[in-house]
Amino acid sequence: MKSSKQSRLSVLIGTVIAMIGLGTIYTWSLFNQPLADTYGWSVGAVATTFSIMSFALSFSTLSASSIQKKLGIRGLLILSGVGMGAGLMISSISSSLWMLYIFAGILVGAANGIGYMTTLSNAIQYFPEKKGLISGIAVGAYGTGSLLFKYVLGFFIDSVGVVQAFLYWGAIITLLLIVGAFLIKEAKVAASPQKSSKSIQNDYTLKEMLHTKEAYLLFFVLFTACMSGLYLIGSVANIGVSLAGLDLATAANAVALVAIFNTTGRIVLGTVSDHFDRLKVIAVSLFITAAAALVLSELKLNFALFFICVSSVAFCFGGNITIFPTIVSEFFGLKNQSRNYGIIYQGFGIGGLSVSFVSGFLGGFAPTFNFIALLCVAASVVALLLHVPGMKRAPLFAAHKVQEERR
């Protein structure tokens, strides 16, 4: 028993360490201006690197399960650390934008995606009785990495310059992921189907999952949640200047606020989802996001109102992406979790990428937030009506996430 507890603690610590390292990519905005100043590139062109990184991250999760089967969780995490480290170190000598896009964008993003997906899925499988809490801790650590390294990498950029900062960043990430890899153990998935007095769970293959309407509805809900959250995170300072009339220095404080509430939402809503129907938690958070988006677009904003709205959206976004892996495991089983969630998770990359085109088409922050509000209301309704394939929907006002017996 003592050995089992130590093993679980080791997995949890290793997961947190690895996730902190993986989460550092959300500090990319620190490098935009210094790289533009160093090489004479436009800030917008440099910032495109993060869009490429996010899409590569999302797309690479599709291969995470296959790589894990060949290398194991430890081998995959080491590969992820070496890939990210190499990408960042090579970026330090990148003299052209295309090199930056390939090594910092595609290589770092892809290496991050396979590490993120497998580490998260492994943690959920290792603690099946505390899925929401463990998912919250794991994804919360990912958010904490962005908050902590905002200051660490900012110090390196100021003290040794942006080129050397890339080298230090790459070395630190590699070390964190290797240390995390040696603490993590591969989770063993129990045989399926699993039966209890309250539910029956099947392990869906990817092909089987794609034959259910629930998979596409879950994709839509995650797509909407990520579209709203990533739009705010990527432009929060500019939104403060444009919609709230704040000066740039004041609006920039919202970047740290977003990181704090994003991380807090992951832990709080992840824990809450262990006690309430997870999809109802998602539905409420989407409704709050819709309300905040409408306030941002329709009301005259002051300092306090702007920061309340920003904090609310960041909190809900963090919680939503934390709860989703567990929802997918409850809908389609744990055995093929990495592969199945990898497909649903494409809502993250596509949502983040598509909102930039939507914003350009609609012509600004205010109309884009109106569109996001409508989409969030629709996704909230979908979340309320969704249920595990082949099971009756739980009563709308039931407190605990109980599904009725299969028809």
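Residues numbered from 1 in each chain as written. Predicted model: local features only at pLDDT ≥ 70, side-chain atom pairs only at ≥ 80, totals over all residues. Heavy atoms only, no water.

As annotated in an unreviewed UniProt entry, the protein chain carries the name OFA family MFS transporter and is attributed to Sporolactobacillus shoreicorticis. For the record of the protein chain, the UniProt heading Subcellular location (unreviewed entry) holds the text "Cell membrane". (UniProt positions renumbered as here; feature names shortened; annotations may be inferred.)

Q: Break down the environment of L76 for me, citing the residues and quoting the values.
A: Inspection of the secondary structure puts L76 in helix α4 (residues 64-91). In sequence terms L76 and L177 are 101 residues apart; their C-alpha atoms lie 9.9 Å from each other. If near-sequence neighbours (up to four positions away) are discounted, L76 is found in contact with A64, I67, Q68, L71, I114, G115 and T118. (Helix = DSSP H or I, 4+ residues; strand = E, 2+ residues; numbered from the N terminus. Contact = heavy atoms within 4.5 Å.)

Q: Mind laying out empty space enclosed by the protein, listing which residues take part and the relevant values?
A: Per the counting criterion, the structure on display carries 3 cavities of 30 Å³ or more. Space inside the second largest cavity adds up to approximately 50 Å³. Lining of the second largest cavity is provided by Y26, L57, Y116, V139, Y142, R266, I321, Y345 and F348. Its residues assigned to classes, the lining of the second largest cavity comprises 8 nonpolar, no polar and 1 charged. (1 Å grid on protein atoms, 1.4 Å probe; cavity = no way out; pocket = protein on both sides within 12 Å on 5 of 7 lines; lining within 4 Å. Points joined across faces, edges and corners; volume = space filled by probe spheres on them. Nonpolar A, V, L, I, M, F, W, Y, C, P; charged D, E, K, R; others polar.)

Q: Let's hear about the side chain of S58: which residues, and what values?
A: Locating S58 in the fold gives a position in helix α3 (residues 43-60). Leaving out residues up to four positions away in the same chain, S58 has contacts with Y345, Q346 and G349.

Q: How would you sum up the pattern of salt bridges? Please name residues and give values.
A: The full count for this structure, using the stated rule, is 3 salt bridges. Note that K213 and E214 form a salt bridge whose closest N and O atoms lie 3.3 Å from each other. Assessed through its relative accessible area of 6%, E214 is described here as buried. One salt bridge connects D274 with R278, and the closest N-O pair in it is separated by 3.2 Å. Exposure class is identical for D274 and R278. Each is buried. If you follow the salt bridges from partner to partner, you end up with D274, R278 and E330 in one network. (Salt bridge = Lys/Arg side-chain N within 4 Å of Asp/Glu carboxyl O. Buried < 20%, exposed > 50% of the residue type's maximum accessible area, 1.4 Å probe, protein only.)

Q: An account of the state of the cysteines is requested, with residue identities and associated values reported.
A: With the rule as written, the count across this model stands at 0 disulfides. No disulfide involves C316; its sulfur sits 9.1 Å from the nearest other cysteine sulfur, which is in C376. Under the relative-accessibility criterion, C316 is labelled buried at 3%. (Disulfide = S-S within 2.5 Å.)

Q: Tell me about helix α7 (residues 162-183), and please be specific about residues and values.
A: Over its 22 residues, α7 extends 32 Å from the first C-alpha to the last, a length consistent with the 32 Å expected when each residue adds 1.5 Å. Those residues of α7 lying buried are V162, A165, F166, W169, G170, I173, T174, L177, G180 and A181. Buried residues in α7, looked at end-on, bunch into an arc of 165 degrees, giving them a common side. Seen from the buried face of α7, the exposed residues on the opposite side, beyond 90 degrees, are L175 and F182. (Expected span 1.5 Å × (residues − 1). Arc of directions from axis to C-beta.)

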